[in-house]
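Structure assessment
Listed below are the residues making up each chain.
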Amino acid sequence: MRILSIETSCDETAVAILEAVGDRSSAQFTILGDALYSQIEVHREFGGVFPAVAKREHAKNLTPLLRAALVEASMLSESPNEGVEEKIGALLEREHGLKEQLVEFLSGIAVPDIDAIAVTRGPGLEPALWVGVNFAQALSLVWDKPLVPVDHMEGHLLASLVKGNARSFSISQLHFPVLALLVSGGHTELLLMGAWHSYALIGRTRDDAVGEAFDKVARMLGLPYPGGPEISKLAHPMRTSPSTMKLPRPMIGTPDSDFSFSGLKTAVMYLVKDRELTHTDRCEVAREFEDAAVEVLYTKTARALEENDAKTLAVGGGVSANLHLKTYFSEHLAQEHPAVEVYFPPEGFTGDNAVMIGIAGFYRAQEGEFMQAGTVRADGNLALER
Ligand code: KG4
Ligand code: ZN
């Protein structure tokens, strides 16, 4: 099965083409085409992601990315295609010139040899999600291909299970129950997966997501967006000696699986307020903040592993790229929960991308979860639990 996938939930615009051979239990994936454009430079000027700006950037870049993915997959062949505009109809009319651009492109190429189109339906920034959803619906109508809506967080979860190299991989066989810690710019949650596609939300942040806290603390330290990798860079060299500061570990001891990161962020604000920080000071703050965030994430995760007798832990989302998090989790789990299988996404699979949406789309397509073009609605608050 060949799947074209589209991701536009936040500040990455991405289109991928995946080939999946086998069924749910044995699937082998090959990336045929993968085109991604990060809007980071655009958002850096504003210090964060603004939905209207993200929407405009997605609209501008989706068609060129589609072309690039098709070229890479050797699926682009020039040939007139009649009636494209009529088939798209009223879709994409509010998407900043995207309709005109897409009509022109699709009118000159043959229908590619794909079996389905997967698209992120949510969660994320709703105006940004809509661009991808409508783009996918337009392609589905013009090419007469089935549409599979995907949950972005399920994409992150599956990305953590990728096993193989950058072009060809499989998904690790799971031993249930699986505990998933999903940590990104918009989410911090613990989900219990009792079986494939069966999720229970057992904990989440009550305020800021951990990635958001990284981004805000970075800003207080004068570092560019996105803050996670910047904090990590400053913190790393400080780990050869003990921390000289003390920040709180919010909710670390509460008898639940929830998190809170806004108090930690505020504590950093008071720490740096009205102070001239030297470079070393900034490194110390970054280190203590990273320590505090990771300790809370680990302690709550370990507690949930025990409480739910989980056999597997999958950590996914942008923050799972954090080196200290990976080291801390791996060392502590090896000591305290040696029987638990632990998965982190391979390099290139931590942040947002379309390949993970294609993987999730494949498994959903196996369940026959197709939707009619024109009926898919973006949902900024989509949740995996059901
Ligand atoms: O999953 P993602 O790419 O987008 C969302 O769905 O939100 O996650 C982005 C978040 C940002 O907050 C970014 O600062 C954080 O992931 N991040 C990191 C690291 N790399 C990215 N946080 C900590 N350490 C990192 N190395
Ligand atoms: Zn994400």
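A brief look at the structure comes next. (Residues numbered from 1 in each chain as written. Chains lettered and ligands numbered in written order. Predicted model: local features only at pLDDT ≥ 70, side-chain atom pairs only at ≥ 80, totals over all residues. Heavy atoms only, no water.)

Here we look at the overall build of the protein chain
Regarding its fold elements, the protein chain presents twelve helices and twelve strands. Seen through its C-alpha atoms, the protein chain measures out along the principal axes to roughly 70 × 45 × 35 Å. Here the protein chain holds 386 residues, and the buried ones make up 56% of them. Here the contacts in the protein chain between residues at least 6 apart in sequence split such that 77% fall between residues at least 24 apart. On the protein chain, roughly 15800 Å² of surface is accessible, and the fraction owed to carbon and sulfur atoms is 50%. (Helix = DSSP H or I, 4+ residues; strand = E, 2+ residues; numbered from the N terminus. Buried < 20%, exposed > 50% of the residue type's maximum accessible area, 1.4 Å probe, protein only. Contact = heavy atoms within 4.5 Å. Areas by Shrake-Rupley, 256 points an atom, 1.4 Å probe, with all protein chains shown as cover.)

Describing the site of ligand 1
Neighbouring ligand 1 are 19 residues, the closest being His 156, Gly 185, Asp 215, Gly 318 and Asn 322. One of the backbone N or O atoms of Gly 228 is found 3.0 Å from an oxygen atom in ligand 1. Contact between ligand 1 and Gly 318: an oxygen atom at 3.0 Å from a main-chain N or O atom of the residue. Look at ligand 1: alone it shows 550 Å² of surface, and the protein chains cover 86% of it. (Near = heavy atom within 4 Å. Polar contact = N/O pair within 3.5 Å; in protein donor to acceptor, adjacent residues only side chain to side chain.)

Notes on unusual backbone geometry
Here the bond from Gly 122 into Pro 123 is cis, since omega is -10 degrees, no more than 30 degrees from zero. Put simply, Tyr 225 and Pro 226 share a cis peptide bond, and its omega is -10 degrees. Following the sequence through the fold, Pro 226 ends up in the loop between α7 (210-220) and α8 (227-235). Positive phi, close to 65 degrees, is recorded for His 197, a residue that is not glycine. Note that His 197 resides in the loop between β9 (188-195) and β10 (198-204). On the basis of relative accessibility, which here comes to 9%, the residue His 197 falls in the buried class.

Digging into the side chain of Thr 188
Structurally, Thr 188 is set in strand β9. By relative accessible area, Thr 188 is classed as buried at 2%. What Thr 188 contacts, discounting residues up to four positions off in sequence, is Leu 182, Val 183, Gly 203, Arg 204, Thr 205, Ala 209, Val 210, Phe 259, Phe 261 and Leu 297.

Remarks on the coordination of the zinc ion (ligand 2)
Listed as protein donors to the zinc ion (ligand 2) are His 152 (NE2), His 156 (NE2) and Asp 352 (OD); their distances from the metal cover 2.0 to 2.1 Å. Mapped onto the sequence, the donors of the zinc ion (ligand 2) take the spacing H-x3-H-x195-D. One end of the pair, His 152, is in helix α6 (residues 152-159); the other, Asp 352, is in the loop between β12 (341-343) and α12 (355-366), with 200 residues separating them in the sequence. (Donors = N, O, S within 2.8 Å, 3.2 Å for Na, K, Ca; no water.)

Considerations on the nonpolar core
By size, the foremost hydrophobic cluster in this structure holds 47 residues, and its most contacted members are Phe 289, Leu 297 and Phe 329. Elements with a minimum of two residues in this core: β8 (178-183), β9, α7, α8, α9 (262-272), α10 (279-308), β11 (312-316) and α11 (323-336). Looking at this core element by element, the count peaks at 13 residues for α10. Filtering out sequence-adjacent residues up to four positions away, Phe 289 remains in contact with Ala 213, Phe 214, Val 217, Ile 231, Leu 247, Leu 264 and Val 268. (Core = buried A, V, L, I, M, F, W, Y, C linked by side-chain atoms within 4.5 Å.)

A short note on the pattern of salt bridges
This model, assessed by the stated rule, comprises 25 salt bridges. With a shortest N-O distance of 3.3 Å, Glu 57 and Arg 56 are connected by a salt bridge. Among the residues examined, Glu 57 registers a relative accessible area of 3% and is labelled buried. Since its relative accessible area comes to 40%, Arg 56 is described here as partly exposed. For Arg 206, the salt bridge is made with Asp 256, and the minimal N-O distance between the two is 3.5 Å. Linking Arg 206 in the loop between β10 and α7 with Asp 256 in the loop between α8 and α9, this pair joins segments that are 50 residues apart in sequence. (Salt bridge = Lys/Arg side-chain N within 4 Å of Asp/Glu carboxyl O.)

Quick notes on the pairing of strand β7 (residues 168-171)
Here strand β3 (residues 28-38) pairs with β7 via three bridges, running antiparallel. Across the sheet, residue Gln 28 finds its bridge partner in β7, namely Ser 170. Of the strand pairs in this sheet, strand β6 (residues 162-164) and β7 are connected by three bridges, and their pairing is antiparallel. Residue Val 162 lies in a different strand from β7, and its bridge partner there is Ile 171. (Pairing = 2+ DSSP bridges.)

Structural notes on the pairing of strand β5 (residues 147-151)
Taking burial as the measure, the five residues of β5 include five buried ones, the bulk of the element. On β5, burial covers both faces: Leu 147, Pro 149 and Asp 151 on one face and Val 148 and Val 150 on the other are all buried. Pairing geometry for strand β4 (residues 116-122) and β5, over five bridges, is parallel. Its bridge partner being in β5, Ile 117 is matched across the sheet by Leu 147. After leaving β4, the chain enters helix α5 (residues 126-143) and then returns to the sheet as β5, a path that is right-handed. (Right-handed = clockwise from strand over helix to strand, strands pointing away.)

Quick look at the sheet that holds β8
Overall, mixed pairing links the five strands, which are arranged β10-β9-β8-β11-β12 in an open sheet. Sheet topology places β10 and β12 at the edges, where each strand pairs with a single neighbour. The sheet shows a mean angle of 20 degrees between the axes of neighbouring strands, direction not considered. Two elements, β9 and β10, share six bridges in a ladder whose sense is antiparallel. (Axes fitted to C-alpha atoms, helices over the stretch in contact; angles between N-to-C directions.)

Take it as geometry only, folks, not as evidence of what the structure does.
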